[in-house]
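If you want the building blocks of each chain, they are given just below.
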Amino acid sequence: MKHFFIITNSYKDKDLMLTKSMQDYIETKGGRCGYYVSRGEENDSDCVRPEVLPDALDLIFVIGGDGTLIRAARDTAALNVPLIGVNLGTLGYLCELEEATVFGAIDQIMEDKFMLEARMRLSGYVVQSGTQGREQTALNDIVIHRSGALQLVSLVVYVNGQYLNTFEGDGVIVCTPTGSTGYNLSAGGPIVDPKARMILITPINSHTLNSKSIVIGAEDEVVVEIGARRREGDEQVVVSIDGDQHAQLDVGDRIVIRQAQEDCRILKLGKLSFLEILRKKMQTYH
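Let me sum up the structure you'll find in this document. (Residues numbered from 1 in each chain as written. Predicted model: local features only at pLDDT ≥ 70, side-chain atom pairs only at ≥ 80, totals over all residues. Heavy atoms only, no water.)

1. Description of the sheet that holds strand 14 (residues 198-204)
Line of reasoning, step 1. Strands sit in the order 15-14-13-10-17-18 across an open sheet of six strands; the sheet is antiparallel. Edge positions in the sheet fall to strand 15 (214-217) and strand 18 (244-250), since each has one partner strand and no second. Each strand axis lies, on average, 20 degrees off the axis of its neighbour in the sheet, ignoring direction.
Line of reasoning, step 2. Alignment of strand 14 against strand 15, held across four bridges, turns out to be antiparallel. Within strand 15, the position partnered with Ile199 by the bridge is Ile216. (Pairing = 2+ DSSP bridges. Helix = DSSP H or I, 4+ residues; strand = E, 2+ residues; numbered from the N terminus. Axes fitted to C-alpha atoms, helices over the stretch in contact; angles between N-to-C directions.)

2. Remarks on helix 1 (residues 17-28)
Line of reasoning, step 1. Between its first and last C-alpha, helix 1 extends 16 Å over twelve residues, near the 16 Å set by a 1.5 Å rise per residue.
Line of reasoning, step 2. Within helix 1, the full set of buried residues consists of Leu18, Thr19, Met22, Gln23 and Ile26. Down the axis of helix 1, the buried side of the element spans an arc of 135 degrees, and every buried residue falls inside it. Opposite the buried face of helix 1, by more than 90 degrees, sit the exposed residues Met17 and Thr28.
Line of reasoning, step 3. Buried residues along helix 1 sit against strand 1 (3-9), strand 2 (32-38), strand 3 (59-64), strand 4 (83-87) and helix 3 (102-110). (Expected span 1.5 Å × (residues − 1). Buried < 20%, exposed > 50% of the residue type's maximum accessible area, 1.4 Å probe, protein only. Arc of directions from axis to C-beta. Contact = heavy atoms within 4.5 Å.)

3. Quick look at the packing of aromatic side chains
Line of reasoning, step 1. Using the criterion set out here, one finds three aromatic pairs in the structure.
Line of reasoning, step 2. Aromatic pair Tyr25 and Phe103: ring centres 5.3 Å apart, planes at 75 degrees, arrangement edge-to-face. Here Phe103 lies in helix 3 and Tyr25 lies in helix 1, a separation of 78 residues in the sequence.
Line of reasoning, step 3. Look at Phe103 and you get partly exposed, because its relative accessible area is 27%.
Line of reasoning, step 4. An angle of 70 degrees between the planes, with centres 6.0 Å apart, marks the rings of Tyr158 and Tyr163 as edge-to-face.
Line of reasoning, step 5. We classify Tyr158 as partly exposed; its relative accessible area is 26%. (Phe/Tyr/Trp six-rings, centres within 6.5 Å; stacked < 30°, edge-to-face > 60°.)

4. Let's talk about the nonpolar core
Line of reasoning, step 1. Of all hydrophobic cores here, the largest spans 27 residues; its most connected members are Ile144 and Val222.
Line of reasoning, step 2. If near-sequence neighbours (up to four positions away) are discounted, Ile144 is found in contact with Leu155, Asp170, Gly171, Val172, Val224, Ile226, Val237, Val238, Val239, Ile255 and Ile257. (Core = buried A, V, L, I, M, F, W, Y, C linked by side-chain atoms within 4.5 Å.)

5. Points about the pairing of strand 4
Line of reasoning, step 1. Of all five residues making up strand 4, five are buried, and the element is well covered by its neighbours.
Line of reasoning, step 2. Along strand 4, one buried face is formed by Leu83, Gly85 and Asn87 and the opposite face, lined by Ile84 and Val86, is buried too.
Line of reasoning, step 3. Bridge count between strand 3 and strand 4: five bridges; the pairing is parallel. The residue of strand 4 that forms the bridge with Ile60 is Leu83.
Line of reasoning, step 4. The parallel pair strand 3 and strand 4 is bridged by helix 2 (residues 66-75), and the resulting crossover is right-handed. (Right-handed = clockwise from strand over helix to strand, strands pointing away.)

Note that every value here comes from positions in space, so none of it alone points to a role or purpose.
What follows is the structure, encoded as structure tokens:
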């Protein structure tokens, strides 16, 4: 690999010191490297536009944390270019590299000593008043959660057209194995090896004591419909895709979620297994 690009979170890499050092190092070794500065904000104006990325791109370094890497995966999904994260944040389940290890990693990558790991994504679109919205992909999760006042919402979940359950609480998380260590983990859902292929459905603060996470096949289709709990039927929920607010839904609206056609490719250098990485993270941040 010789042709690189860096997407960097300016709040994490102050004055772009690491970004420019990496660019200089790559170019000194005969490679090519440009960069894009993200403000780490969750809105369309902070997206990485395709026109800023060069042709014949081999790898994208993402400097920041898991959130920056997830947004970069969203913005570059159509390119099918591998990503590797450089963690300047806190936990960093997705980011393999640290500032201290990044230059040795560049050497290893330029010598083609690496592995590529395929991570499944989710694809989702909303249906409002019978009209289908724009389809979007998620590496981590699609979350349907309450909006506004502190009131429970009723979410009716179907799998492959069959009724599964009605969750009453703060919302529902539909996530990939990669996303199992994100919001799903905070909500009490299971941790899954990110190389697995399955879909997790986890209620958020369910009002029913026996509501648990449900694991289904990657080929299954999930539909979440907004139900009515109150006579007025004026409840509203928000759909967030990988942490970014996507749409606001009313009673009767729904969102359709399935496995995306394209995987996200993550470049791996270390030989540590997922369980070893998980154990180290848990020991560090207990």
